[in-house]
Amino acid sequence: MAQESLFMSRRTFEEGETIFEKGDSRDYAYIIESGIVKMTGVSEEDGSKTSVYVSNGEIFGESALLDGGYRDATAKAVEPTAAFCISPDILKQRMENLDPMVKLLVSMLVEKYRYNRLSHIDGLAKSPSLSAKRTQELLVESYEKQRRIVLDELRMEQELRRALEKNEFKPYLQPITEFENGSIIGYETLVRWHHPHRGIVFPNDFIPIAERTNVVGAIDQCMLEAACNLIPQLHDIAGEYGKKMFISVNLSGANFDDQAIVDRVKSTLKGTKFDPSQIKLEITESALVSDAEQAAFILEQLKATGVTLALDDFGTGYSSLGYLHRFTIDSLKIDRSFVQQLQVSRKSLNIVKAVVDLAHTFDLNLIAEGIEEEKEVEILKGLGCKYGQGFYFGRPVEAQETLRQFSEDISAKQSTGLVSAE
Ligand code: C2E
Ligand code: CA
Ligand code: CA
């Protein structure tokens, strides 16, 4: 029942049909899809009847969303009418997904509206009902909670900007490995915030806020600059072998349709002396969904700078496969949720199989993410996937430490003749 109420239902009413009557208990609010509804109530001033007509796209019975009292007006369809029914649960669920500031604004307006109504009812009854008082208390509580969230987020935005100035965002590198010979073909840059009091903060705890507050572009830029500084160091350590490696950088999907992304990449690459294809930009599949045309245009311009492009978290973003050939991408990174289900879910296995075929068809490299066990490597190899990344091969480690380890590995291989010094 509770589950059912989270789905928006639709009802139709015949001409003249009563939708609800004054005194009925409040269940839904309605948004009119087509038709006209007449609302009849009693004037608070002189007790006379008042009517109002509502039609397409308008909402009526909305007090049901505020509290479960009784209807104070009667609603009748004036002509055949269709309307969507919104329950308080639906509103609550939709509110969860709102930007916190919009949520605060909505909560505040709802609270004001309800406060006015309740104080009016209280005034009439002279002794406010307990349930009315409790509802009001609950609302003020949720409003205060909302206010705290928004304030926290505003403070966090200030913190993020301060952290940028203080250079607190540090690149960590995770190896990407070729299954066949175990050699590292590149690294993914993953940002960590070295916070002066909180210690190391992981991206999931600040990237979403950085995205909402438009700070993410600067963080991504910072990581791109770091990658551009690291590539010459790979050359120094591993010579020709180092020149074939790449470092990938994540680009946020927020505002991916913004031309500024292309300008930032261009200006960062300017003056670098390495082959720009050694930089791989990872863009999540979901970034390309909202405006695929514009995304394809941005990707083309990024590609024209000489970098390589990877579609990240592939399989989770519902992008239209029809568009895949239009995106100038070089690699697909299959999301770790599929890799981690490989051994238990036939569906995941089939999805990985299909993505391997897709990668072949479009001539794309395929990198499997989130590999934690040898068995997963075996299955992936069996399916025709050649490259992967995950804790099994190595966790993300601070960049200079990664290079130090890489240098040691290379020296060991050079001494056994596995890699030439040039
Ligand atoms: P992502 O791009 O999909 O990065 C892979 C994430 O999976 C990383 O989490 C990595 O530490 C984790 N991971 C790697 N191997 C394994 C494994 O075997 N098992 C498990 N359970 N996890 C594994 P991390 O570093 O916490 O980053 C989370 C997400 O934050 C990234 O997902 C990416 O979307 C975002 N992110 C990280 N750095 C940046 C950045 O510089 N810019 C932007 N815009 N987003 C970033
Ligand atoms: Ca990534
Ligand atoms: Ca990923």
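This is a predicted model, so every value here is computed, not measured.

Basis of the calculations
Each chain has its residues counted from 1, following the order in which its sequence is written. Just so you know, chain letters begin at A and ligand numbers begin at 1, following the order they were written in. The predicted origin of the model limits local features to residues at a pLDDT of at least 70 and limits the giving and counting of side-chain atom pairs to 80 or more, whereas totals for whole chains, interfaces and linings rest on all residues. For side-chain calculations, the full set of non-hydrogen atoms in the structure is used, while hydrogens and water are omitted. Each metal's donors are the N, O and S atoms within 2.8 Å of it, or within 3.2 Å when it is Na, K or Ca, and because water is not part of the set, sites may look incomplete. Secondary structure counts use DSSP, requiring at least four H or I residues in a row for a helix and at least two E residues in a row for a strand, with both numbered from the N terminus. Polar contact is the term for a pair of N or O atoms within 3.5 Å; when the atoms are in protein, one must be able to donate a hydrogen and the other to accept it, and sequence-neighboring residues count only if both atoms are side-chain atoms. It only takes one pair of heavy atoms within 4.5 Å for two residues to be counted as in contact. By convention in this text, a residue qualifies as near a molecule or strand provided that one of its non-hydrogen atoms is within 4 Å of it. Classification of ring pairs uses Phe, Tyr and Trp, with its six-membered ring standing for Trp, and accepts pairs whose centres are within 6.5 Å; under 30 degrees between planes counts as stacked, over 60 as edge-to-face, and the remaining range as tilted. Here's how the labels work: a residue is buried when its accessible area is under 20% of the maximum for its type, exposed when over 50%, partly exposed in between, all with a 1.4 Å probe on protein chains only. Over a ring means this: the NZ of a Lys or the CZ of an Arg is within 6 Å of the ring centre and within 35 degrees of the ring normal. One less than the number of residues in a helix, times 1.5 Å, gives the span that helix is expected to have. We call two strands paired when DSSP finds no fewer than two bridges between them. Axis definition: a line fitted to C-alpha atoms, over the contacting stretch in the case of helices. Angles run 0 to 180 degrees between N-to-C directions. Each residue carries a pLDDT value, the predictor's own confidence for that position, ranging from 0 to 100. What we call a nonpolar core is a set of buried Ala, Val, Leu, Ile, Met, Phe, Trp, Tyr and Cys residues that are connected through their side-chain atoms within 4.5 Å. We define a salt bridge as a contact between a side-chain nitrogen of Lys or Arg and a carboxyl oxygen of Asp or Glu at a distance within 4 Å.

> Describe the coordination of the calcium ion (ligand 2), naming the residues involved and giving the relevant values.
Surrounding the calcium ion (ligand 2) are the protein donor atoms Glu188 (OE), Asn250 (OD1), Glu282 (OE) and Asp312 (OD), which sit 2.2 to 2.3 Å from the metal. Counting gaps between the donor residues of the calcium ion (ligand 2) yields the pattern E-x61-N-x31-E-x29-D. Between the calcium ion (ligand 2) and the calcium ion (ligand 3), a spacing of 4.0 Å is present, and a bridge between the two is formed by Asp312. Of this pair, Glu282 sits in strand β13 (residues 279–284) while Asp312 sits in strand β14 (residues 308–314), placing them 30 residues apart in sequence.

> Describe the side chain of Asp335, and please don't skip the residues or the numbers.
Tracing the chain through its elements places Asp335 in the loop between β15 (331–334) and α9 (336–339). Here Ser337 takes part through its side chain, which lies 2.6 Å from a polar atom of the side chain of Asp335. When residues no more than four places from it in sequence are discounted, the contact partners of Asp335 are Asp313, Phe314, Thr316 and Glu369.

> Break down the site of ligand 1 for me, with residues and values.
Close to ligand 1 lie 24 residues, the nearest being Arg192, Asp220, Arg336, Glu372 and Phe391. Here an oxygen atom of ligand 1 and a side-chain polar atom of Arg336 are 2.8 Å apart. If one sorts the elements of the shell around ligand 1 by residue count, strand β10 (residues 184–195) sits on top with four residues.

> So, the packing of aromatic side chains: which residues are in play, and what are the values?
In this structure the tally under the stated criterion is 12 aromatic pairs. Judged by centre distance (6.1 Å) and plane angle (80 degrees), the ring pair of Phe13 and Tyr30 falls under edge-to-face. Residue Phe13 is found in strand β1 (residues 9–13), and its partner Tyr30 is found in strand β3 (residues 29–34); the two are separated by 17 residues along the sequence. By relative accessible area, which is 3% here, Phe13 ends up buried. Judged by relative accessible area, which is 1%, Tyr30 ranks as buried. Among the aromatic side chains, those forming a connected cluster through ring pairs are Phe13, Phe20, Tyr28, Tyr30 and Phe60. Above the plane of the ring of Phe20 lies Arg71, whose end atom (NZ or CZ) is 3.7 Å from the centre.

> Talk me through the environment of Asp257; I want residue IDs and the actual numbers.
In this fold, Asp257 is placed in the loop between β12 (246–251) and α6 (260–269). Linking Asp257 and Ser290, residues 33 residues apart in sequence, is a C-alpha distance of 9.2 Å. Each residue touching Asp257, except ones within four places of it in the same chain, is listed here: Gln294 and Ile298.

> Run through helix α10 (residues 346–361), naming residues and quoting values.
An α-helical turn contains 3.6 residues, so any two residues separated by three or four positions project in the same direction. Under the 1.5 Å per step criterion, the end-to-end length of α10 is 22 Å for 16 residues, consistent within 8% with the ideal 22 Å. Along α10, the residues that are buried comprise Ser348, Leu349, Val352, Val355, Val356, Leu358 and Ala359. Phi for Asp363, located one or two positions after α10, is positive at around 55 degrees.

> Please set out the sheet that holds strand β2 (residues 18–20) residue by residue, giving values where relevant.
Picture the strands of a sheet paired through backbone hydrogen bonds; they go either parallel or antiparallel. Across the sheet, four strands lie side by side as β2-β7-β4-β5; this open sheet has antiparallel pairing. Lying at the two open borders of the sheet, with one neighbouring strand each, are β2 and β5 (49–55). Adjacent strand axes in the sheet meet at a mean angle of 25 degrees, parallel and antiparallel pairs treated alike.

> For the confidence of the model for the protein, give the residues involved together with the corresponding values.
Confidence in the prediction of the protein, expressed as mean pLDDT, is 86, and 87% of residues score 70 or more. Under a pLDDT of 50 for its full length, residues 1–5 has, in the predicted model, three contacts with residues more than four places off or in other chains. Residue range residues 120–128 is modelled with pLDDT below 50. Its contacts to residues more than four positions away, or to other chains, number four contacts.

> Lay out the coordination of the calcium ion (ligand 3) with the relevant residues and their values.
Donor atoms from the polypeptide that coordinate the calcium ion (ligand 3) comprise Asp312 (OD), Asp313 (OD), Glu369 (OE) and Glu369 (OE), at 2.2 to 2.5 Å from the metal. Coordination of the calcium ion (ligand 3) draws on donor residues from a single chain, spaced D-D-x55-E in sequence.

> So what's going on with the nonpolar core? Residues and values would help.
Counting residues in hydrophobic clusters, the biggest one holds 79 residues, and the most contacted among them are Phe206, Phe256, Ile279, Leu281 and Leu302. Each residue touching Ile279, except ones within four places of it in the same chain, is listed here: Leu224, Ala227, Cys228, Ile231, Ile247, Leu269, Phe274, Val307 and Thr308. Core analysis: the next-biggest nonpolar cluster, separate from the first, contains 14 residues, Phe13, Ile19, Met39 and Phe60 among them.

> Give a description of the sheet that holds β1 that names residues and reports values.
A sheet is described by the order of its strands in space; here four strands give the open sequence β1-β8-β3-β6, paired in antiparallel fashion. Across the chains shown, the open sheet's two edge strands, defined by having one partner strand only, are β1 and β6 (59–60). Looking at chain direction, β1 and strand β8 (residues 81–86) are connected through five bridges and run antiparallel. Bridge pairing in β8 places Phe13 opposite Thr81.

> Give me the lowdown on the pattern of salt bridges, citing residues and values where you can.
On inspection of all chains with the given rule, the structure shows 15 salt bridges. Two residues, Arg162 and Glu159, come together in a salt bridge whose shortest N-O distance is 3.0 Å. One end of the pair is Arg162 and the other is Glu159, both in helix α3 (residues 130–165) and three residues apart, which spans about a single turn. The exposure class of Arg162 is partly exposed, given its relative accessible area of 26%. Take Glu159: its relative accessible area is 24%, and that puts it in the partly exposed class. Ionic pairing is found between Lys333 and Glu188, a salt bridge with its closest N-O pair at 2.9 Å. With Lys333 in strand β15 and Glu188 in strand β10, the pair connects residues that are 145 residues apart, well separated along the chain. With respect to class, Lys333 is no different from Glu188; both count as buried.

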